[in-house]
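# Structural overview
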Amino acid sequence: MHLLFATSIVPDGALSSGYEIANQAIIDALRRAGVRVTVLGFGWPGKPPSDPENTILLGALDVRTDAAPLPRKLGWLASAVASGLTFASAKLRVVSDETVRQAIAAAGPFDGYILNSVQMAAAFESLFQDRPSIFVAHNVEFRSAAENSRAANGAFQRLLFRREAKLLEVIEKRLCRNARFVFTLAEEDRAELGVASDTRSVALPLVTRSKLPVLQGKRNIGCDAALIGTWTWEPNRIGLDWFLGKVVPHLRNDFRIHIAGSVPAGVSSPHPGVKFVGRVPDAQAFVRGAAVIPLVSTSGSGVQLKTIETFELGLPSVATAHSLRGIAYKPANCTMTDDPVAFARALEQTVDQKIADVDGSDFHRRQIAALDLAVAGGLARLGASAHEVAA
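Attention here is on the structure that accompanies the text.

### Regarding unusual backbone geometry
Residues other than glycine seldom take positive phi values, yet Ser117 does so here, at roughly 75 degrees. Within the fold, Ser117 resides in the loop between strand 4 (112-116) and helix 5 (118-123). The class of Ser117 is buried, set by a relative accessible area of 2%. Although it is not a glycine, Lys354 adopts a positive phi angle of roughly 50 degrees. Structurally, the position occupied by Lys354 is in the loop between helix 12 (340-352) and helix 13 (361-390).

Next up, the structure:
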């Protein structure tokens with residue numbers, strides 16, 4: 001079976017965000033199932049695709065809103081309003097339908113599409129209807145947009161997120177309805193997207209890498225707690241705001257917290273132990289340098305890749321219930337609580353009691369096995385549909 005994996009940004013090997021990690025995990029699972037995968041999408045400027053022989057590039061594109069100059073943001077907004085697309089999909093309309101149609105034809109004979117998330121699938125929706133497809137719903141985007149609207153600071157931003165939520169609810173449910181099968185990344189998302197039946201969808205257990213790294217020696221602890229993420233993404237920002245505003249004030253003054261990743265302007269903390277360290281060269285080394293990992297997600301849908309990585313590495317953690325969405329197994333060295341005071345106490349106790357790491361290989365093996373089983377079920381549905389179309 002040959003499938004065209006249509007996505008906004010093609011893998012470049014960096015795996016610097018949860019979205020990129022999930023994409024690679026799904027592509028790897030498809031290939032383990034014997035599928036030939038050709039990836040179609042845009043590349044980051046200056047970053048070649050990690051698998052150029054199986055990638056068709058539509059060009060280079062920086063889709064980050066926070067990094068874009070004001071004229072570009074206004075252009076994206078004008079394009080979204082004029083086309084009736086979401087803001088995220090409008091960013092991709094820098095090439096014509098004909099250019100995308102020619103790129104699809106360049107893939108050669110193939111059996112169907114993997115429509116990876118709503119952005120690309122909605123931007124060129126009419127071009128992906130000539131063959132059966134699997135839609136990958138990374139999140140319930142319309143719910144995330146509604147949550148972002150409620151958390152937004154200004155009236156204009158609230159209005160934009162409300163518009164996105166309204167459009168996304170229609171688009172996501174249409175993409176799910178038209179797909180032969182749907183992959184979600186959390187069990188709860190299946191019902192919210194209207195595809196709860198096992199004949200229509202499955203939730204994919206994910207991993208952050210196909211093979212776990214060999215961890216050498218004892219960890220060198222450089223801080224009490226470490227957080228890393230793309231904090232400019234609104235659902236992540238909401239969780240960070242909750243942690244800094246509700247949990248950190250209850251931590252003792254000598255508790256050291258290092259926060260890595262891009263942080264929006266205005267995010268700060270008066271706590272003397274909080275340190276924003278920006279980009280780090282090795283994300284895994286960064287989190288392994290902490291005594292405990294706070295898993296602070298409070299909004300959004302889908303699964304939390306930082307939770308999966310923490311469990312794969314066997315690191316002690318304190319997690320909100322939301323951070324454990326889509327996770328069937330909670331290790332013994334993970335404490336779950338949504339109460340900010342209890343969260344702070346659990347962080348301190350984990351450090352004071354020197355809670356040990358656990359072996360994450362069993363978690364990883366179970367995730368891989370369940371992922372491959374789920375993908376195989378979806379491919380069987382897609383294959384049956386492809387045969388029906390051919391007949």
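Alright, that's what it looks like, and here's the rest.
### Here we look at the packing of helix 6 (residues 141-151) against helix 9 (residues 234-247)
Close contact between helix 6 and helix 9 brings their axes to 10 Å; oriented N to C, the two are set at 50 degrees. The angle between helix 6 and helix 9 falls in the class oblique. The two elements helix 6 and helix 9 cross, and the hand of that crossing is left-handed. Across from Glu147, Asn148 and Ala151 in helix 6, the residues of helix 9 making contact are Glu234, Pro235 and Ile238. Partitioning the contact of helix 6 with helix 9 into residue classes produces three nonpolar, one polar and two charged.

### A few points about the packing of helix 6 against helix 7 (residues 155-178)
Where helix 6 contacts helix 7, the axes come no closer than 7 Å and their chain directions differ by 165 degrees. Looking at the two axes, helix 6 sits roughly antiparallel to helix 7. In terms of crossing hand, the pair formed by helix 6 and helix 7 is left-handed. Where helix 6 approaches helix 7, its residues Glu141, Phe142, Ala145, Ala146, Asn148 and Ser149 are matched on the opposing element by Arg158, Phe161, Arg162, Glu164, Ala165, Leu168, Glu169, Glu172 and Lys173.

### Re the sheet that holds strand 4
Strands sit in the order 3-2-1-4-5-6-7 across an open sheet of seven strands; the sheet is parallel. Since the sheet does not close on itself, it has two edges, and those belong to strand 3 (55-60) and strand 7 (201-203), each with one partner. Put simply, the sheet's adjacent strands are angled 15 degrees from each other on average, direction ignored. Across three bridges, strand 6 (residues 181-184) lies against strand 7 in parallel orientation. Note that in strand 7 the partner of Phe183 across the bridge is Val202.

### Things to note about the sheet that holds strand 10 (residues 274-278)
With respect to topology, six strands assemble into an open sheet ordered 10-9-8-11-12-13, the strand pairing being parallel. Looking along the sheet, the strands with just one partner apiece sit at the ends: strand 10 and strand 13 (334-336). When the angles between neighbouring strand axes are averaged without regard to direction, this sheet yields 25 degrees. One ladder, built from four bridges, connects strand 9 (residues 257-260) with strand 10; its direction is parallel. Its bridge partner lying in strand 10, His258 is registered against Lys275. Across the face of the sheet, helix 12 comes into contact with strand 8 (223-228), strand 11 (290-295), strand 12 (317-319) and strand 13 while running at roughly 160 degrees to strand 11.

### As for the packing of aromatic side chains
Across all of its chains, the model carries six aromatic pairs by this definition. Between Tyr113 and Phe128, the aromatic rings sit 5.3 Å apart at their centres with planes inclined by 70 degrees, giving edge-to-face as the arrangement. With a gap of 15 residues between them, Tyr113 in strand 4 and Phe128 in the loop between helix 5 and strand 5 (133-137) connect regions that are remote in the sequence. The burial state of Tyr113 is the same as that of Phe128; both residues are buried. An angle of 85 degrees between the planes, with centres 6.0 Å apart, marks the rings of Phe181 and Phe183 as edge-to-face.

### Some thoughts on helix 12
Between its terminal C-alpha atoms helix 12 stretches 18 Å, which fits the 18 Å expected from 13 residues at 1.5 Å a residue. Where helix 12 is concerned, the buried positions are Pro340, Phe343, Ala344, Ala346, Leu347, Glu348, Thr350 and Val351. A distance of 3.2 Å separates the backbone nitrogen of Val341 from a side-chain oxygen at the start of helix 12, and that oxygen is part of Asp339.

### Some points on the pairing of strand 11
With six of six residues buried, strand 11 lies mostly within the body of the structure. As paired strands, strand 8 and strand 11 are joined by two bridges and run parallel to one another. Across the sheet, the residue bridging to Ala225 is Val292, located in strand 11.

### Observations regarding the state of the cysteines
Summed over the entire model, instances satisfying the criterion amount to zero disulfides. There is no disulfide at Cys334, and the cysteine sulfur nearest it, in Cys223, is 18 Å away.

### Focus on the pattern of salt bridges
Taken as a whole and assessed by the stated rule, the structure comprises 23 salt bridges. Between Glu98 and Arg101 there is a salt bridge, with its nearest N and O atoms 2.9 Å apart. Highlighted residues: Glu98 and Arg101, both in helix 4 (residues 97-106), separated by three residues, approximately one helical turn. Taking the relative accessible area as the measure of exposure, Glu98 reaches 38% and is therefore partly exposed. For Arg101, a relative accessible area of 41% puts it in the partly exposed group. In this structure, Asp130 engages Arg131 in a salt bridge whose closest nitrogen and oxygen atoms are separated by 2.6 Å. Note on Arg131: relative accessible area 27%, which makes it partly exposed.

Thresholds applied
For every chain, the first residue of the written sequence is number 1, and numbering continues from 1 along that sequence. In keeping with the model being predicted, local features are shown solely for residues with a pLDDT of at least 70 and side-chain atom pairs are shown and tallied solely at 80 or more, while totals for entire chains, interfaces and linings include all residues. Heavy atoms from the whole structure form the basis of all side-chain values; hydrogens and water molecules are not counted. Helical segments are the DSSP runs of H or I of at least four residues, strand segments are the runs of E of at least two, and each set is numbered from the N terminus. Residue burial is assigned from relative accessible area. The probe radius is 1.4 Å, only protein chains are included, and a residue is buried under 20% of its type maximum, exposed over 50%, and partly exposed in between. Convention adopted: a line fitted to C-alpha atoms gives each axis, helices being fitted over their contacting stretch, and angles between N-to-C directions are expressed from 0 to 180 degrees. Angular relationships are summarised with four words: roughly parallel below 35 degrees, roughly antiparallel beyond 145, roughly perpendicular across 65 to 115, and oblique for the angles in between. Throughout, a crossing is termed right-handed when the near helix is turned clockwise from the far one, and left-handed when it is turned anticlockwise from it by less than a right angle. By the convention used here, residues are in contact when the closest approach between their heavy atoms is within 4.5 Å. Gly is put with the polar residues, along with every residue not named as nonpolar or charged; the nonpolar set is Ala, Val, Leu, Ile, Met, Phe, Trp, Tyr, Cys and Pro, and the charged set is Asp, Glu, Lys and Arg. Note on pairing: DSSP must find at least two bridges between two strands before they are called paired. Stacked, tilted and edge-to-face pairs are distinguished by plane angle, under 30 degrees for stacked and over 60 for edge-to-face with tilted covering the rest, among Phe, Tyr and Trp rings (Trp via its six-membered ring) whose centres lie within 6.5 Å. What a helix is expected to span follows from its residue count: subtract one and scale by 1.5 Å. Polar contacts, as counted here, are pairs of nitrogen or oxygen atoms within 3.5 Å of one another; within protein the pair requires one atom able to donate a hydrogen and one able to accept it, and residues that are adjacent in sequence qualify only if both atoms are side-chain atoms. When two cysteine sulfur atoms lie within 2.5 Å, the pair is treated as a disulfide. The term salt bridge refers to a side-chain nitrogen of Lys or Arg lying within 4 Å of a carboxyl oxygen of Asp or Glu.

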